[in-house]
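Analysis of the macromolecular model
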Amino acid sequence: MICALGSAVCFGTASVLQAVAARATAPGTGSGVDARLLLRALRQWRYVAGLGLDGLGFLLELVALRSLPIYAVGAALAASLAVTAVVAARVLRVRLSGVEWAAVAVVCGGLALLGLASGAEGDRTGSTALRVGVLCVAAAVLGIGALAGRLPGRARAAVLGLGSGIGFGVVEVAVRLIDGLTPTALLTNPASYALLVGGGAAFLLLTSALQRGSVTAATAGMVIGETVGPALVGVLWLGDRTRAGLTPLAIAGFVLAILGALALARFGEAPAEPTESTEPTDPTEPTDPADPSADASQNGGVRPLT
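None of the values given here were measured: they were computed from a predicted structure.

On to the overall build of the protein chain, then. Along its length, the protein chain carries 13 helices and 0 strands. Beginning at the N terminus, the succession of helices and strands in the protein chain can be written as α-α-α-α-α-α-α-α-α-α-α-α-α. Pairs at least 24 apart in sequence give 84% of the contacts found in the protein chain among residues at least 6 apart. Carbon and sulfur atoms provide 67% of the accessible area of the protein chain, an area that totals close to 14,300 Å².

By secondary structure assignment, the location of Ala82 is in helix 5 (residues 80–91). Accessibility expressed as a relative area gives 6% for Ala82, which makes it buried. Sequence separation between Ala82 and Trp101 is 19 residues; the distance between their C-alpha atoms is 8.9 Å.

Once that is clear, we can look at the packing of aromatic side chains. For the structure shown, the criterion picks out 1 aromatic pair. Taking the centre distance of 5.8 Å and the plane angle of 85° together, the rings of Phe168 and Phe203 count as edge-to-face. Taken together, the residues Phe168 in helix 8 (residues 153–177) and Phe203 in helix 10 (residues 190–211) connect sequence positions 35 residues apart. Taking relative accessible area as the criterion, Phe168 reaches 18% and is therefore assigned buried. The class for Phe203 is partly exposed, based on a relative accessible area of 25%.

By volume, the second largest pocket is sized at about 540 Å³. Along the wall of the second largest pocket there are 28 residues; nearest its centre are Phe11, Asp54, Phe168, Phe203 and Leu206. Of all the secondary-structure elements, those providing two or more residues to the lining of the second largest pocket are helix 1 (2–23), helix 3 (45–65), helix 4 (70–78), helix 5, helix 8, helix 10 and helix 11 (215–237). Per element, the largest residue contribution to the lining of the second largest pocket is 7 residues, and it comes from helix 10.

Across all of its chains, the model carries 3 salt bridges by this definition. For Glu100, the salt bridge identified is with Arg266, shortest N-O distance 2.5 Å. In this pair, Glu100 sits in helix 6 (residues 98–117) while Arg266 sits in the loop between helix 12 (247–263) and helix 13 (292–297), placing the two residues 166 residues apart along the sequence. Given a relative accessible area of 10%, Glu100 falls into the buried group. Arg266 gets classed as buried once you look at its relative accessible area, which sits at 15%. In this structure, the salt-bridge partner of Arg131 is Asp179, at a minimum N-O distance of 3.2 Å. Here Asp179 lies in the loop between helix 8 and helix 9 (183–187) and Arg131 lies in helix 7 (residues 128–148), a separation of 48 residues in the sequence. The buried category is assigned to Arg131, whose relative accessible area is 8%. What makes Asp179 exposed here is its relative accessible area of 56%.

Cut-offs and rules
Residues numbered from 1 in each chain as written. Predicted model: local features only at pLDDT ≥ 70, side-chain atom pairs only at ≥ 80, totals over all residues. Heavy atoms only, no water. Helix = DSSP H or I, 4+ residues; strand = E, 2+ residues; numbered from the N terminus. Contact = heavy atoms within 4.5 Å. Areas by Shrake-Rupley, 256 points an atom, 1.4 Å probe, with all protein chains shown as cover. Buried < 20%, exposed > 50% of the residue type's maximum accessible area, 1.4 Å probe, protein only. Phe/Tyr/Trp six-rings, centres within 6.5 Å; stacked < 30°, edge-to-face > 60°. 1 Å grid on protein atoms, 1.4 Å probe; cavity = no way out; pocket = protein on both sides within 12 Å on 5 of 7 lines; lining within 4 Å. Points joined across faces, edges and corners; volume = space filled by probe spheres on them. Salt bridge = Lys/Arg side-chain N within 4 Å of Asp/Glu carboxyl O.

Keep in mind that these numbers describe shape and distance, not what the molecule does.
Structural data, given as C-alpha coordinates:
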(Lines give C-alpha, C1' and ligand atoms only; values in the text may rest on other atoms or scores of the structure.)
Protein backbone atom coordinates (compact mmCIF):
# COMPACT_ATOMS: atom_id res chain seq x y z
CA MET A 1 0.00 0.00 0.00
CA ILE A 2 2.96 2.30 0.61
CA CYS A 3 3.95 2.02 -3.06
CA ALA A 4 0.36 2.77 -4.15
CA LEU A 5 0.27 5.88 -1.95
CA GLY A 6 3.71 6.94 -3.18
CA SER A 7 2.43 6.59 -6.73
CA ALA A 8 -0.55 8.81 -5.87
CA VAL A 9 1.81 11.49 -4.48
CA CYS A 10 3.85 11.43 -7.70
CA PHE A 11 0.80 11.55 -9.99
CA GLY A 12 -0.93 14.23 -7.91
CA THR A 13 2.09 16.54 -7.95
CA ALA A 14 2.71 15.88 -11.64
CA SER A 15 -0.84 16.89 -12.54
CA VAL A 16 -0.27 20.39 -11.14
CA LEU A 17 2.83 20.84 -13.30
CA GLN A 18 1.30 19.31 -16.42
CA ALA A 19 -1.95 21.22 -16.24
CA VAL A 20 -0.17 24.57 -15.96
CA ALA A 21 1.96 23.60 -18.97
CA ALA A 22 -1.05 22.41 -20.98
CA ARG A 23 -2.86 25.71 -20.44
CA ALA A 24 0.23 27.65 -21.46
CA THR A 25 0.48 25.69 -24.73
CA ALA A 26 -0.98 27.04 -27.96
CA PRO A 27 -4.36 25.48 -28.84
CA GLY A 28 -4.31 22.40 -31.02
CA THR A 29 -6.54 21.30 -33.84
CA GLY A 30 -9.49 20.64 -31.54
CA SER A 31 -9.25 16.89 -32.10
CA GLY A 32 -9.39 14.64 -29.06
CA VAL A 33 -6.35 12.80 -30.41
CA ASP A 34 -3.87 15.58 -31.17
CA ALA A 35 -0.25 14.38 -31.07
CA ARG A 36 1.03 17.83 -32.05
CA LEU A 37 -0.54 19.34 -28.95
CA LEU A 38 1.36 16.80 -26.84
CA LEU A 39 4.60 17.67 -28.65
CA ARG A 40 4.07 21.38 -27.98
CA ALA A 41 3.36 20.65 -24.33
CA LEU A 42 6.67 18.77 -24.14
CA ARG A 43 8.45 22.08 -24.79
CA GLN A 44 7.26 23.27 -21.38
CA TRP A 45 9.68 22.34 -18.60
CA ARG A 46 6.82 21.81 -16.17
CA TYR A 47 5.29 19.20 -18.44
CA VAL A 48 8.62 17.38 -18.73
CA ALA A 49 9.10 17.51 -14.95
CA GLY A 50 5.58 16.15 -14.56
CA LEU A 51 6.41 13.29 -16.91
CA GLY A 52 9.42 12.47 -14.75
CA LEU A 53 7.17 12.21 -11.70
CA ASP A 54 4.71 10.18 -13.76
CA GLY A 55 7.51 7.76 -14.60
CA LEU A 56 8.43 7.32 -10.95
CA GLY A 57 4.76 6.97 -10.06
CA PHE A 58 4.32 4.31 -12.73
CA LEU A 59 7.21 2.26 -11.33
CA LEU A 60 5.64 2.42 -7.88
CA GLU A 61 2.29 1.49 -9.41
CA LEU A 62 3.85 -1.61 -11.01
CA VAL A 63 5.16 -2.75 -7.64
CA ALA A 64 1.77 -2.11 -6.00
CA LEU A 65 -0.14 -4.01 -8.71
CA ARG A 66 2.07 -7.04 -8.11
CA SER A 67 1.06 -7.25 -4.46
CA LEU A 68 -2.37 -5.59 -4.09
CA PRO A 69 -5.79 -6.08 -5.73
CA ILE A 70 -6.52 -3.73 -8.62
CA TYR A 71 -9.41 -2.11 -6.74
CA ALA A 72 -7.07 -0.97 -3.96
CA VAL A 73 -4.45 0.42 -6.34
CA GLY A 74 -7.11 2.13 -8.47
CA ALA A 75 -8.62 3.86 -5.45
CA ALA A 76 -5.16 5.00 -4.34
CA LEU A 77 -4.48 6.45 -7.78
CA ALA A 78 -7.79 8.31 -7.74
CA ALA A 79 -6.69 9.74 -4.40
CA SER A 80 -3.93 11.59 -6.26
CA LEU A 81 -6.54 14.36 -6.59
CA ALA A 82 -6.30 14.89 -2.85
CA VAL A 83 -2.54 15.29 -3.27
CA THR A 84 -3.11 17.73 -6.13
CA ALA A 85 -5.51 19.77 -3.99
CA VAL A 86 -3.01 20.03 -1.13
CA VAL A 87 -0.13 20.88 -3.48
CA ALA A 88 -2.24 23.53 -5.23
CA ALA A 89 -3.21 25.00 -1.87
CA ARG A 90 0.41 25.35 -0.74
CA VAL A 91 2.32 26.05 -3.94
CA LEU A 92 -0.26 27.98 -5.98
CA ARG A 93 -2.04 29.53 -2.99
CA VAL A 94 -5.39 28.14 -4.06
CA ARG A 95 -7.85 28.30 -1.18
CA LEU A 96 -9.60 25.07 -0.22
CA SER A 97 -13.06 25.34 1.26
CA GLY A 98 -14.11 23.45 4.37
CA VAL A 99 -15.98 20.97 2.20
CA GLU A 100 -12.86 20.30 0.14
CA TRP A 101 -10.71 19.74 3.22
CA ALA A 102 -13.41 17.33 4.38
CA ALA A 103 -13.18 15.57 1.00
CA VAL A 104 -9.42 15.16 1.50
CA ALA A 105 -10.14 13.60 4.89
CA VAL A 106 -12.76 11.30 3.34
CA VAL A 107 -10.25 10.11 0.73
CA CYS A 108 -7.70 9.37 3.44
CA GLY A 109 -10.31 7.55 5.52
CA GLY A 110 -11.43 5.49 2.55
CA LEU A 111 -7.86 4.46 1.77
CA ALA A 112 -7.31 3.52 5.40
CA LEU A 113 -10.35 1.21 5.26
CA LEU A 114 -9.08 -0.30 2.01
CA GLY A 115 -5.68 -0.88 3.54
CA LEU A 116 -7.26 -2.78 6.42
CA ALA A 117 -9.60 -4.85 4.25
CA SER A 118 -7.56 -5.58 1.11
CA GLY A 119 -6.27 -9.08 0.61
CA ALA A 120 -3.43 -10.20 -1.61
CA GLU A 121 -3.65 -9.86 -5.38
CA GLY A 122 -5.64 -12.52 -7.21
CA ASP A 123 -3.82 -15.67 -8.30
CA ARG A 124 -5.40 -15.93 -11.77
CA THR A 125 -3.26 -15.00 -14.77
CA GLY A 126 -6.13 -14.22 -17.15
CA SER A 127 -7.14 -15.94 -20.37
CA THR A 128 -5.96 -15.19 -23.89
CA ALA A 129 -9.42 -13.82 -24.65
CA LEU A 130 -9.05 -11.32 -21.79
CA ARG A 131 -5.65 -10.20 -23.08
CA VAL A 132 -7.04 -9.66 -26.58
CA GLY A 133 -10.07 -7.91 -25.13
CA VAL A 134 -7.89 -5.48 -23.19
CA LEU A 135 -5.96 -4.68 -26.37
CA CYS A 136 -9.23 -3.99 -28.20
CA VAL A 137 -10.32 -1.64 -25.41
CA ALA A 138 -6.99 0.19 -25.68
CA ALA A 139 -7.55 0.69 -29.41
CA ALA A 140 -11.11 1.83 -28.72
CA VAL A 141 -9.76 4.62 -26.50
CA LEU A 142 -8.25 6.24 -29.60
CA GLY A 143 -11.65 6.01 -31.28
CA ILE A 144 -13.27 7.65 -28.26
CA GLY A 145 -10.81 10.53 -28.54
CA ALA A 146 -11.50 11.02 -32.24
CA LEU A 147 -15.25 11.11 -31.66
CA ALA A 148 -14.98 13.37 -28.60
CA GLY A 149 -13.20 16.02 -30.65
CA ARG A 150 -16.48 16.66 -32.46
CA LEU A 151 -18.48 17.27 -29.29
CA PRO A 152 -19.14 20.69 -27.76
CA GLY A 153 -17.76 22.08 -24.53
CA ARG A 154 -18.50 20.16 -21.37
CA ALA A 155 -19.55 16.96 -23.15
CA ARG A 156 -16.25 16.94 -25.01
CA ALA A 157 -14.23 17.30 -21.82
CA ALA A 158 -16.25 14.63 -20.01
CA VAL A 159 -15.84 12.08 -22.82
CA LEU A 160 -12.13 12.83 -23.20
CA GLY A 161 -11.68 12.45 -19.45
CA LEU A 162 -13.59 9.17 -19.40
CA GLY A 163 -11.55 7.91 -22.36
CA SER A 164 -8.28 8.81 -20.68
CA GLY A 165 -9.44 7.08 -17.50
CA ILE A 166 -10.26 3.92 -19.45
CA GLY A 167 -6.79 4.10 -21.01
CA PHE A 168 -5.14 4.32 -17.60
CA GLY A 169 -7.38 1.49 -16.44
CA VAL A 170 -6.14 -0.63 -19.35
CA VAL A 171 -2.61 -0.08 -18.08
CA GLU A 172 -3.60 -1.31 -14.61
CA VAL A 173 -5.15 -4.49 -15.97
CA ALA A 174 -2.42 -5.10 -18.57
CA VAL A 175 0.28 -5.06 -15.88
CA ARG A 176 -1.46 -7.98 -14.18
CA LEU A 177 -1.79 -9.86 -17.48
CA ILE A 178 1.94 -9.73 -18.24
CA ASP A 179 3.25 -12.90 -16.63
CA GLY A 180 6.68 -13.06 -18.27
CA LEU A 181 9.36 -10.45 -18.88
CA THR A 182 11.47 -12.28 -21.45
CA PRO A 183 11.51 -10.69 -24.94
CA THR A 184 9.57 -13.59 -26.42
CA ALA A 185 6.91 -13.50 -23.71
CA LEU A 186 6.46 -9.75 -24.04
CA LEU A 187 6.28 -9.74 -27.83
CA THR A 188 3.72 -12.54 -27.97
CA ASN A 189 1.47 -11.17 -25.22
CA PRO A 190 -1.34 -8.87 -26.43
CA ALA A 191 -1.34 -7.25 -22.97
CA SER A 192 2.10 -5.75 -23.69
CA TYR A 193 0.70 -3.86 -26.66
CA ALA A 194 -2.42 -2.95 -24.69
CA LEU A 195 -0.22 -1.32 -22.04
CA LEU A 196 1.61 0.80 -24.63
CA VAL A 197 -1.46 1.76 -26.66
CA GLY A 198 -3.67 2.37 -23.62
CA GLY A 199 -1.09 4.48 -21.80
CA GLY A 200 -0.21 6.54 -24.87
CA ALA A 201 -3.85 7.14 -25.79
CA ALA A 202 -4.67 8.12 -22.21
CA PHE A 203 -1.96 10.81 -22.22
CA LEU A 204 -3.15 12.18 -25.54
CA LEU A 205 -6.77 12.42 -24.42
CA LEU A 206 -5.92 13.83 -21.01
CA THR A 207 -3.72 16.56 -22.50
CA SER A 208 -6.53 17.58 -24.85
CA ALA A 209 -9.05 17.53 -21.99
CA LEU A 210 -6.88 19.76 -19.80
CA GLN A 211 -6.07 22.17 -22.61
CA ARG A 212 -9.69 22.84 -23.56
CA GLY A 213 -13.02 22.34 -21.86
CA SER A 214 -14.32 21.78 -18.35
CA VAL A 215 -11.55 20.42 -16.15
CA THR A 216 -14.00 19.27 -13.48
CA ALA A 217 -15.96 17.21 -16.00
CA ALA A 218 -12.77 15.77 -17.52
CA THR A 219 -11.25 14.78 -14.20
CA ALA A 220 -14.47 13.24 -12.90
CA GLY A 221 -14.69 11.14 -16.04
CA MET A 222 -11.06 10.08 -15.65
CA VAL A 223 -11.54 9.00 -12.03
CA ILE A 224 -14.54 6.84 -12.93
CA GLY A 225 -12.83 5.34 -15.99
CA GLU A 226 -9.63 4.33 -14.19
CA THR A 227 -11.26 2.79 -11.11
CA VAL A 228 -14.61 1.07 -11.68
CA GLY A 229 -13.83 -1.02 -14.77
CA PRO A 230 -10.40 -2.29 -13.66
CA ALA A 231 -11.75 -3.13 -10.20
CA LEU A 232 -14.48 -5.29 -11.73
CA VAL A 233 -11.97 -7.05 -14.00
CA GLY A 234 -9.77 -7.79 -11.01
CA VAL A 235 -12.61 -9.26 -8.97
CA LEU A 236 -14.43 -11.15 -11.73
CA TRP A 237 -11.53 -12.47 -13.84
CA LEU A 238 -8.30 -12.20 -11.87
CA GLY A 239 -9.43 -13.44 -8.46
CA ASP A 240 -8.94 -10.29 -6.39
CA ARG A 241 -10.50 -10.69 -2.95
CA THR A 242 -10.61 -9.00 0.44
CA ARG A 243 -9.55 -10.37 3.79
CA ALA A 244 -11.99 -12.87 5.23
CA GLY A 245 -15.17 -11.16 6.41
CA LEU A 246 -14.03 -7.65 5.46
CA THR A 247 -15.68 -7.31 2.06
CA PRO A 248 -18.21 -4.66 3.28
CA LEU A 249 -15.33 -2.65 4.75
CA ALA A 250 -13.43 -2.78 1.45
CA ILE A 251 -16.51 -1.70 -0.51
CA ALA A 252 -17.10 1.20 1.89
CA GLY A 253 -13.46 2.29 1.64
CA PHE A 254 -13.50 2.10 -2.17
CA VAL A 255 -16.71 4.14 -2.43
CA LEU A 256 -15.50 6.76 0.05
CA ALA A 257 -12.16 7.18 -1.71
CA ILE A 258 -13.83 7.61 -5.12
CA LEU A 259 -16.53 9.99 -3.85
CA GLY A 260 -13.91 12.09 -2.09
CA ALA A 261 -11.83 12.21 -5.26
CA LEU A 262 -14.84 13.27 -7.33
CA ALA A 263 -15.51 16.09 -4.87
CA LEU A 264 -11.98 17.31 -5.60
CA ALA A 265 -12.32 16.98 -9.37
CA ARG A 266 -11.69 20.67 -10.02
CA PHE A 267 -8.09 20.14 -8.89
CA GLY A 268 -7.45 18.01 -11.97
CA GLU A 269 -6.08 21.31 -13.30
CA ALA A 270 -3.99 24.00 -11.69
CA PRO A 271 -4.65 27.64 -12.63
CA ALA A 272 -2.89 28.87 -15.75
CA GLU A 273 0.00 31.22 -15.34
CA PRO A 274 -0.98 34.87 -15.75
CA THR A 275 -0.14 36.62 -18.98
CA GLU A 276 0.99 40.22 -19.12
CA SER A 277 -1.52 42.58 -20.62
CA THR A 278 -0.37 44.80 -23.47
CA GLU A 279 -2.96 47.44 -22.66
CA PRO A 280 -2.12 50.15 -20.13
CA THR A 281 -4.19 50.14 -17.00
CA ASP A 282 -5.18 52.99 -14.76
CA PRO A 283 -4.28 52.16 -11.15
CA THR A 284 -6.92 54.59 -9.94
CA GLU A 285 -9.69 52.90 -11.90
CA PRO A 286 -12.06 51.03 -9.56
CA THR A 287 -12.32 47.29 -10.01
CA ASP A 288 -15.55 45.47 -10.54
CA PRO A 289 -16.00 42.84 -7.79
CA ALA A 290 -17.94 40.71 -10.27
CA ASP A 291 -15.00 40.68 -12.69
CA PRO A 292 -12.96 37.50 -12.20
CA SER A 293 -9.87 39.26 -13.49
CA ALA A 294 -10.02 41.51 -10.42
CA ASP A 295 -9.72 38.44 -8.22
CA ALA A 296 -6.69 37.34 -10.20
CA SER A 297 -4.92 40.68 -9.77
CA GLN A 298 -5.60 40.70 -6.04
CA ASN A 299 -4.28 37.16 -5.64
CA GLY A 300 -0.79 37.56 -6.97
CA GLY A 301 -1.91 36.95 -10.54
CA VAL A 302 -3.41 33.54 -9.78
CA ARG A 303 -7.06 33.24 -10.60
CA PRO A 304 -9.00 31.04 -8.16
CA LEU A 305 -10.36 27.84 -9.61
CA THR A 306 -14.09 27.59 -10.13
